[in-house]
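As a plain string of letters, each chain reads:
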Amino acid sequence: RRLERESDTALLTATGGLDVGDDAEIELLAVQCERVGVGVERLSSSEVTQRFPMFRFAGQDVARPAVMFHAASTVNAERALVALRRHAEHRGATFLSGVRVDGIEPVGDDRVVVRHPTGSIVAETCVITVGAWAGELLVRSAIAGDARLPELTVTQEQVGYYRPLTAGAWPTFVDRSEPCVYGLPTPDGLVKIGEHHTGPAIDVEAKSDTPEQATWERLQAWVADHVPGVEPTPVRSATCLYASYPGDTFLFDRIGPVVLGLGLSGHGFKFVPEVGRRLADLTERIDDPANPFSLDRPPIEVGGSGRR
């Protein structure tokens, strides 16, 4: 909201969010939200059907409780990226587009050299936020040998964009069953739907714009069965990359003059302002002893719809 005010640009659209599926997991989410003052509403299967006719989550005579998160919103990613870049440039940031980083070499604890094809940049700190390309970049970095760095897994996921048939506002939605499926309304009036974390593991350089057939067919069948409020044939499809560490959690930490902001691809964009705050603190060497995303953190258990 602060970025909206400062950029005079509408970025968030309030939609509400509907979660069904893993009963224990959605109840845990509801309790945590209530604990911090976020409004939730527990709905029966029949109430979901009545209030949201675009969905058919109940299945065959199976009552599936749901939770409605009233504060949920969507982010206009394109506008947000423009606003963030202008925000940064106004404060002195310089952007170098199309420049490959060939190496990152710490010099002691307070200086780092970033090498690129036409020269190098010397700085007090280097912040790495390269998503799915983190594994490849760290191989060319002097910190690659740090035994605490977890293994990054890159998967290629696919989503479809569907034309709605049902009038009225769509909430974001998550079915936390197996496989986990999510969806949300898009700025151009379509509904984006995709499985969460079911795509094949790939080499990042092997990314393809062609959906993986088995996963794609399973998604189409799920949409036809559970979302009667859209045309069953998608308007278009797209592929995207997830870059994940064990536990599906993020990594925000510092190794000498190098700050890491990794494990974000797939579900990190919505947290960008908080990610920036944490990375800025690390850059300024402001310690957070309770940092849950440090290199030395204990294993984190996630809900049934995620990975452990």
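So, here's what we can say about the structure. (Residues numbered from 1 in each chain as written. Predicted model: local features only at pLDDT ≥ 70, side-chain atom pairs only at ≥ 80, totals over all residues. Heavy atoms only, no water.)

**Section: the environment of Glu6**
Worth spelling out the cut-off: A run of DSSP states H or I qualifies as a helix once it reaches four residues; a run of E qualifies as a strand once it reaches two. Both are numbered from the N-terminal end. A 1.4 Å probe rolled over the protein chains alone gives each residue an accessible area, and that area as a share of the maximum for its type sets the label: buried under 20%, exposed over 50%, partly exposed in between. Contacts were defined at the residue level, with two residues in contact if any of their heavy atoms lie within 4.5 Å.
Mapped onto the fold, Glu6 is located in helix α1 (residues 2–7). Judged by relative accessible area, which is 40%, Glu6 ranks as partly exposed. Between the alpha carbons of Glu6 and His87 there is a distance of 8.3 Å; along the sequence they are 81 residues apart. In contact with Glu6, other than residues within four places in its own chain, are His87 and Arg91.

**What about the pairing of strand β2 (residues 17–20)?**
Selection criterion: What makes two strands pair is DSSP finding at least two bridges between them.
Burial along β2 is two-sided: Gly17 and Asp19 and Leu18 and Val20, pointing in opposite directions, are all buried. Two elements, β2 and strand β4 (residues 66–69), share four bridges in a ladder whose sense is antiparallel. Bridging from a neighbouring strand, Asp19 pairs with Val67 of β4. As defined by bridge partners, β2 adjoins strand β11 (residues 172–175) across four bridges and the pair is classed as parallel. Residue pairing in the sheet places Asp19 in a bridge with Val174 of β11.

**Considerations on the side chain of Asp253**
Basically, it comes down to this: In this tally Asp and Glu are treated as negative and Lys and Arg as positive; neither His nor the chain ends contributes. Definition used for salt bridges: Asp or Glu carboxyl oxygen within 4 Å of a side-chain nitrogen of Lys or Arg. As used in this structure description, the phrase polar contact means that two N or O atoms lie within 3.5 Å; if the pair is within protein, one of them must be able to donate a hydrogen and the other to accept it, and residues adjacent in sequence are counted only when both atoms belong to side chains.
Inspection of the secondary structure assignment puts Asp253 in strand β15 (residues 251–255). Of the buried charged residues, Asp253 lacks a salt bridge, with Arg148 as the closest side chain of opposite charge at 5.0 Å. Among the polar contacts listed, one links the side chain of Asp253 to the backbone nitrogen of Leu295, at a separation of 2.7 Å.

**Quick word on the sheet that holds strand β9 (residues 126–128)**
Strand pairing in a sheet takes place through backbone hydrogen bonds and is either antiparallel or parallel in direction. Applicable threshold: Lines are fitted to the C-alpha atoms to define the axes, a helix being fitted only along its stretch in contact, and any angle between axes, read from their N-to-C directions, falls within 0 to 180 degrees.
The strand order β9-β16-β15 describes an open sheet built from three strands, whose pairing is mixed. The outermost strands of the open sheet, each flanked by one partner alone, are β9 and β15. Strand-to-strand twist in this sheet, taken as the mean axis angle between neighbours without regard to direction, amounts to 15°. Pairing between β9 and strand β16 (residues 258–262): three bridges, direction parallel. The residue bridging Cys126 from the neighbouring strand is Val258, located in β16. The strands that helix α7 (residues 272–283) touches are β9, β15 and β16; relative to β15, the one it contacts most, it runs at about 10°.

**Structural notes on the packing of aromatic side chains**
Keep this limit in mind: Classification of ring pairs rests on two measures: the distance between centres of Phe, Tyr or Trp rings, Trp counted by its six-membered ring, which must be within 6.5 Å, and the angle between planes, read as stacked under 30 degrees, edge-to-face over 60 and tilted in between. Placement of a charge over a ring requires the Lys NZ or Arg CZ to be within 6 Å of the ring centre, with the centre-to-atom vector within 35 degrees of the ring normal.
Per the stated rule, a full pass over the model turns up 10 aromatic pairs. The interplanar angle of 50° and the centroid separation of 6.5 Å between the aromatic rings of Phe57 and Phe173 together place this pair among those described as tilted. Highlighted residues: Phe57 in the loop between α3 (45–51) and β4 and Phe173 in strand β11, separated in sequence by 116 residues. The exposure classification of Phe57 matches that of Phe173, with both residues buried. An aromatic cluster is built from Phe52, Phe55, Phe57, Trp170, Phe173 and Trp222, whose rings are joined through pairwise contacts. Directly above the aromatic system of Phe95 lies the positively charged group of Arg85, at a separation of 4.1 Å from the ring centroid. The residue whose ring lies beneath Arg236 is Tyr161, and the NZ or CZ to ring-centre distance is 4.3 Å.

**Remarks on helix α6 (residues 213–226)**
Stated formally: A helix is expected to reach a length of 1.5 Å times the quantity of its residues less one. For this quantity, the arc is that covered by the directions from the helix axis to the C-beta atoms.
Here α6 is 14 residues long and its end C-alpha atoms lie 20 Å apart, about the 20 Å a rise of 1.5 Å per residue gives. Of all the positions in α6, only Thr215, Trp216, Leu219, Gln220, Trp222, Val223 and His226 are classed as buried. One side of α6 carries all its buried residues, which in axial view fall inside an arc of 160°. Buried positions along α6 lie against β10 (153–162), β11, β12 (181–185), β13 (191–195) and β14 (236–244).

**Here we look at the sheet that holds β2**
With mixed pairing, eight strands are arranged side by side in an open sheet as β3-β4-β2-β11-β12-β13-β10-β14. Each of the sheet's edge strands pairs with one partner strand only, and the pair in question is β3 (40–43) and β14. Across the sheet, the mean angle from the axis of one strand to that of its neighbour is 20°, orientation sign disregarded. Here helix α2 (residues 23–35) sits on the sheet and contacts β2, β3 and β4; the angle it forms with β3, its principal contact strand, is near 150°. The sheet contacts of α6 involve β10, β11, β12, β13 and β14, and relative to β10 the element is tilted by about 40°.

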